[in-house]
Amino acid sequence: MTPTAPRRPRRRAGRRGTRARRADKYDLYQRAVQDPQGDVARIRRAFLRRFGRPPRLLREDFCGSAALACAWVAAHREHRAFGIDLDPEPLAWARRHNVGALRPEQAERVCLLRGDVLRVRTPPADVVAAFNFSFFGWKTRPELVRYFRCVRRHLHRRGLFVLDAYGGPEAQERREERRSVDGFTYVWDQDRFDPITHETTCFIHFEFRDGSRMRRAFRYDWRLWTLPELRELLEEAGFGRVEVYWEGTERRTGEPNGVYRVCEHANDDPAWVAYLAASP
């Protein structure tokens, strides 16, 4: 009797086969969170409104994958950009994917530098941008004022510092928010909030249709700064004019419409994102 071959166990779909395992967290982040072309347009409008001329040189602090710096040079043939970040991993990703996607003459106008934004020297910029709430990593007033003064030193005399902030009562709650994005789900996880110190710990997770999940792809340990605090600290650092750009709402739905205008006062909002534009 011919022996039968032993039955091979069926290969189970392990982590290597899941979409979470194959996914690129920086690509997911850019698709879910960032709007670099929109940010370029907003910066240009704010600068033209303030100074009546177009900006040319951008410095992107905490640039990560440098999506803004690359969108900036792609927007106009006279645009140049510096991107600065302390972490070599996203900078390497930026060089491969974002800078690598530019035309050669555009790529020549982007300079990515690894280093501490407090120490890296660049020529005076028309615009310094600090987006994605990165500066929230400084948790004391002296630390943040020191950074704002550093920005002022690297800014053209008629230049603009643009930064973003978020807040509202919901930002102070432990909660998870999910949003569907082209083939995956973006999860913003507010894991901890201290009402005395305003320190918060947040995570970004990504979930996929095959049931797999990329947990804690990004972690943030921040102080949740308020807009009055930020305006006061910018003024203390030597910025003479600080304006808040507040997002409007659709009349029919009451939902945010993506249009930001200068406001001195706003209606109560449970969760908001705003931009600040400051000049010396």
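See the structure printed just above.
Our subject in this report is the structure included herewith.

**Concerning the packing of helix H7 (residues 141-153) against helix H8 (residues 227-236)**
Logical step 1: Running from N to C, H7 and H8 cross one another at 55°; their axes reach a closest spacing of 9 Å. Relative to H8, H7 is oriented oblique. Here H7 runs over H8; the crossing is right-handed. Touching Arg141, Leu144, Val145, Phe148 and Arg149 of H7 are Glu229, Leu230, Glu232, Leu233, Leu234 and Glu236, all from H8.
Logical step 2: For the contact of H7 with H8, a count of residues per class yields six nonpolar, no polar and five charged.

**Overview of the packing of helix H3 (residues 36-51) against helix H4 (residues 67-75)**
Logical step 1: Contact geometry for H3 and H4: axes closest at 9 Å, N-to-C directions at 65°. Our pair here, H3 against H4, has a crossing hand that is right-handed. For the pair H3 and H4, contact is made by Pro36, Gln37, Asp39, Val40, Ile43 and Arg44 and by Ala67, Leu68, Ala71, Trp72 and Ala75, respectively.
Logical step 2: Its residues assigned to classes, the contact of H3 with H4 comprises eight nonpolar, one polar and two charged.

**Focus on the sheet that holds strand E6 (residues 175-181)**
Logical step 1: With respect to topology, four strands assemble into an open sheet ordered E6-E7-E8-E9, the strand pairing being antiparallel. Only two strands of the sheet have a single neighbouring strand rather than two, namely E6 and strand E9 (213-223). Going across the sheet, the axis of each strand differs from the next one's by a mean of 20°, ignoring polarity.
Logical step 2: Bridge count between strand E7 (residues 184-193) and strand E8 (residues 199-208): nine bridges; the pairing is antiparallel. Paired with Gln190 across the strands is Cys202, a residue of E8.

**A short note on the layout of surface pockets**
Logical step 1: Of the pockets and cavities examined, the largest pocket occupies roughly 1,200 Å³.
Logical step 2: Taken together, 41 residues make up the lining of the largest pocket; nearest its centre are Val33, Phe133, Arg179, Tyr186 and Val273.
Logical step 3: Per-element accounting of the lining of the largest pocket gives the leading share, four residues, to strand E10 (residues 241-249).
Logical step 4: When the residues that make up the lining of the largest pocket are grouped by side-chain class, the tally is 22 nonpolar, seven polar and twelve charged.
Logical step 5: A volume near 820 Å³ is recorded for the second largest pocket.
Logical step 6: Lining the second largest pocket are 27 residues, with Phe62, Gly64, Asp85, Ser134 and Tyr220 sitting closest to its centre.
Logical step 7: Elements that contribute at least two residues to the lining of the second largest pocket include exactly helix H2 (25-33), helix H5 (88-99) and E9.
Logical step 8: The residue makeup of the lining of the second largest pocket, split by class, is twelve nonpolar, eight polar and seven charged.

**Observations concerning the sheet that holds strand E5 (residues 155-167)**
Logical step 1: Strand order in the open sheet formed by eight strands is E3-E2-E1-E4-E5-E12-E10-E11, and the pairing between neighbours is mixed. Each edge of the sheet is formed by a strand with only one pairing partner; in this case those strands are strand E3 (110-114) and strand E11 (256-263). For this sheet, the mean angle separating the axes of adjacent strands, direction not counted, is 20°.
Logical step 2: Across five bridges, strand E4 (residues 125-130) lies against E5 in parallel orientation. By the bridge assignment, Val127 is partnered in E5 with Leu160.
Logical step 3: Relative to strand E1 (residues 57-61), H4 is tilted by about 170°, and along the sheet it contacts E1, strand E2 (80-85), E3 and E4.
Logical step 4: On top of the sheet, H7 reaches E1, E4 and E5; it is set at about 145° to E5, its chief contact.

**Here we look at the pairing of E5**
Logical step 1: The element E5 is extensively covered by neighbouring structure, given that ten of its 13 residues are classed as buried.
Logical step 2: For the handedness criterion, the β-α-β arrangement of E4, H7 and E5 is classed as right-handed.

**Considerations on H3**
Logical step 1: An ideal rise of 1.5 Å per residue puts 22 Å on 16 residues; H3 measures up with 22 Å between its terminal C-alpha atoms.
Logical step 2: Inspection of H3 places Pro36, Gly38, Asp39, Val40, Arg42, Ile43, Ala46, Phe47, Arg50 and Phe51 among the buried residues, and these make up the whole buried set.
Logical step 3: Those residues of H3 that are buried are in contact with H4, E4, E5, E10, E11 and strand E12 (272-279).
Logical step 4: Count one or two residues on from H3 and you reach Gly52, which has phi positive near 70°.

**Quick look at the pairing of E8**
Successive residues of a regular strand alternate their side chains across the two faces of the sheet.
Logical step 1: Summarising burial for E8: nine of the ten residues are buried, a large majority.
Logical step 2: What sits between E7 and E8 in their antiparallel hairpin is a turn of five residues, with His198 showing a positive phi close to 65°.
Logical step 3: The sheet contact formed by E8 and E9 spans eight bridges and is antiparallel. Bridge pairing in E9 links Glu199 to Arg223.
Logical step 4: Between E8 and E9, which pair antiparallel and follow one another directly, the connecting turn spans four residues, one of which, Gly211, has a positive phi of 90°.

Quick notes on the rules
Residues numbered from 1 in each chain as written. Predicted model: local features only at pLDDT ≥ 70, side-chain atom pairs only at ≥ 80, totals over all residues. Heavy atoms only, no water. Axes fitted to C-alpha atoms, helices over the stretch in contact; angles between N-to-C directions. Helix = DSSP H or I, 4+ residues; strand = E, 2+ residues; numbered from the N terminus. Parallel < 35°, antiparallel > 145°, perpendicular 65-115°, else oblique. Left-handed = near helix turned anticlockwise from the far one by under 90°. Contact = heavy atoms within 4.5 Å. Nonpolar A, V, L, I, M, F, W, Y, C, P; charged D, E, K, R; others polar. Pairing = 2+ DSSP bridges. 1 Å grid on protein atoms, 1.4 Å probe; cavity = no way out; pocket = protein on both sides within 12 Å on 5 of 7 lines; lining within 4 Å. Points joined across faces, edges and corners; volume = space filled by probe spheres on them. Buried < 20%, exposed > 50% of the residue type's maximum accessible area, 1.4 Å probe, protein only. Right-handed = clockwise from strand over helix to strand, strands pointing away. Expected span 1.5 Å × (residues − 1).

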